[in-house]
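What the coordinates show
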Amino acid sequence: MEKLKEIEIVDKLSGDASGRTVREKIFLSRQNGLDVLENKSYQKSNMFSNIDVKKLISIIYHELWHVNTWDKYEDMYEYVLDENNDICTIYAFVYWIEYISHIETVHMEVPEIMLEFCNKFSHEKWYEIEYAYSYFIKKLPYFLARAKYLDKLDDFIEQIRYNELKEAVIKFNVVSDELYKNKDSKEIEKAMTIRKMIDELFS
């Protein structure tokens, strides 16, 4: 909390995000987090058992992780903010930061919401979506962290209908897990390993 300087409430965020962090500032979306709370009343004794309240708490907790790690991953964070930079490198940096952040904050998320997300990911008709691989890569770190936390990763992978993407999920999971446990390499080097895999997937 000491590093957090400001929270700004906005109507919505790009990419349908619920929250976003830029350096020492957190943005929260009315559309995906706050509006559902606006017209509800809660008894103090049980308000924290409400799914919508727990979701908002998990969003804030996650964004605080980004505030607290900005210095550690600054090169990657700042690179991502410039849309003129190489798009595959941006994808790789976002993937790696979000993979780590969700592995380390997923315990605060709502199981019902995680389950819904993973089910949607595994049943998505990716080849019917424009820019499907881009969306696939953006959602993949969230899926891996949540599915593993729920101890249902193998089940969800089995439900993916496209063999190419099923194999990609398995490969990204194995490599990401190995990189996360690797204490010798720099984080940006790990992200560049992910970039090579993204290049292979897109080619």
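Right, let's walk through the structure included here. Here, residues in each chain are numbered from 1, in the same order as that chain's written sequence. Whole-chain, interface and lining totals are the exception, using all residues; otherwise, since this is a predicted model, local features are given only for residues with pLDDT of at least 70 and side-chain atom pairs are given and counted only at 80 or more. Water and hydrogen atoms were dropped before computing side-chain values, which therefore reflect all heavy atoms in the structure.

Here we come to the overall build of the protein. Counting from the N terminus, the helices are the DSSP runs of H or I reaching at least four residues and the strands are the DSSP runs of E reaching at least two. Within the protein, the regular secondary structure consists of 9 helices and 3 strands. What you see in the protein, going N to C, is helices and strands ordered as β-β-β-α-α-α-α-α-α-α-α-α. Residues counted as buried form 43% of the 203 residues belonging to the protein. Contacts: residue pairs with any heavy atoms within 4.5 Å of one another. Residue pairs at least 24 apart in sequence account for 62% of intrachain contacts in the protein once pairs closer than 6 positions are excluded. Think of it in three bands: with a 1.4 Å probe and only protein chains considered, a residue is buried below 20% of the maximum accessible area for its type, exposed above 50%, and partly exposed in between.

So, about the packing of aromatic side chains. Two measures describe an aromatic ring pair: the distance that separates the ring centres and the angle between the ring planes. Ring pairs are drawn from Phe, Tyr and Trp, using the six-membered ring of Trp, whenever the two centres fall within 6.5 Å, and their geometry is named by plane angle: stacked under 30 degrees, edge-to-face over 60, tilted for the rest. A complete count under the given rule lists 18 aromatic pairs for this structure. Summarising the aromatic geometry, the rings of Tyr-95 and Tyr-99 are spaced 6.1 Å apart at their centres and angled 5° between planes, so their arrangement reads as stacked. One end of the pair is Tyr-95 and the other is Tyr-99, both in helix α4 (residues 87-105) and 4 residues apart, which spans about a single turn. Note on accessibility: Tyr-95 and Tyr-99 belong to one class, buried. In textbook terms, an aromatic cluster arises when at least three aromatic residues are bridged by ring pairs, as seen for Tyr-91, Tyr-127, Tyr-133, Tyr-162 and Phe-202. Across from the ring centre of Phe-117, 4.6 Å away, lies the NZ or CZ of Arg-146, which sits over that ring. Throughout this description, the term charge over a ring refers to an Arg CZ or Lys NZ atom that lies within 6 Å of the ring centre and within 35 degrees of the ring normal.

What follows is about the pattern of salt bridges. One side-chain nitrogen of Lys or Arg within 4 Å of one carboxyl oxygen of Asp or Glu is enough to make a salt bridge. Using the criterion set out here, one finds 9 salt bridges in the structure. Across the salt bridge formed by Glu-6 and Lys-25, the nearest N and O atoms sit 3.7 Å from each other. One end of the pair, Glu-6, is in strand β1 (residues 6-10); the other, Lys-25, is in strand β3 (residues 25-29), and 19 residues separate them in sequence. When the shortest N-O distance is used, the salt bridge between Glu-187 and Lys-190 registers 3.2 Å. Taken together, the positions of Glu-187 and Lys-190, both in helix α9 (residues 187-202) and 3 residues apart, correspond to about one turn of that helix. Like Glu-187, the residue Lys-190 is buried in the burial classification.

What follows covers the nonpolar core. By convention a nonpolar core is built from buried Ala, Val, Leu, Ile, Met, Phe, Trp, Tyr and Cys residues, the set being connected through side-chain atoms within 4.5 Å. If you look at the biggest cluster of nonpolar residues, it comprises 44 residues, and the most contacted ones within it are Phe-136, Phe-143 and Phe-172. The set of elements that each furnish at least two residues to this core consists of α3 (74-81), α4, α5 (111-123), α6 (132-149), α7 (153-159), α8 (163-181) and α9. Considering each element in turn, this core owes the most residues, 9 residues, to α4. The residues touching Phe-172, leaving out its near neighbours within four places in the chain, are Tyr-95, Ile-137, Leu-140, Leu-144, Ile-194, Met-197 and Ile-198. Membership of the second largest hydrophobic core comes to 6 residues, among which are Ile-26, Leu-28, Ile-59 and Leu-64.

Shape is all these values report; function is a separate question.
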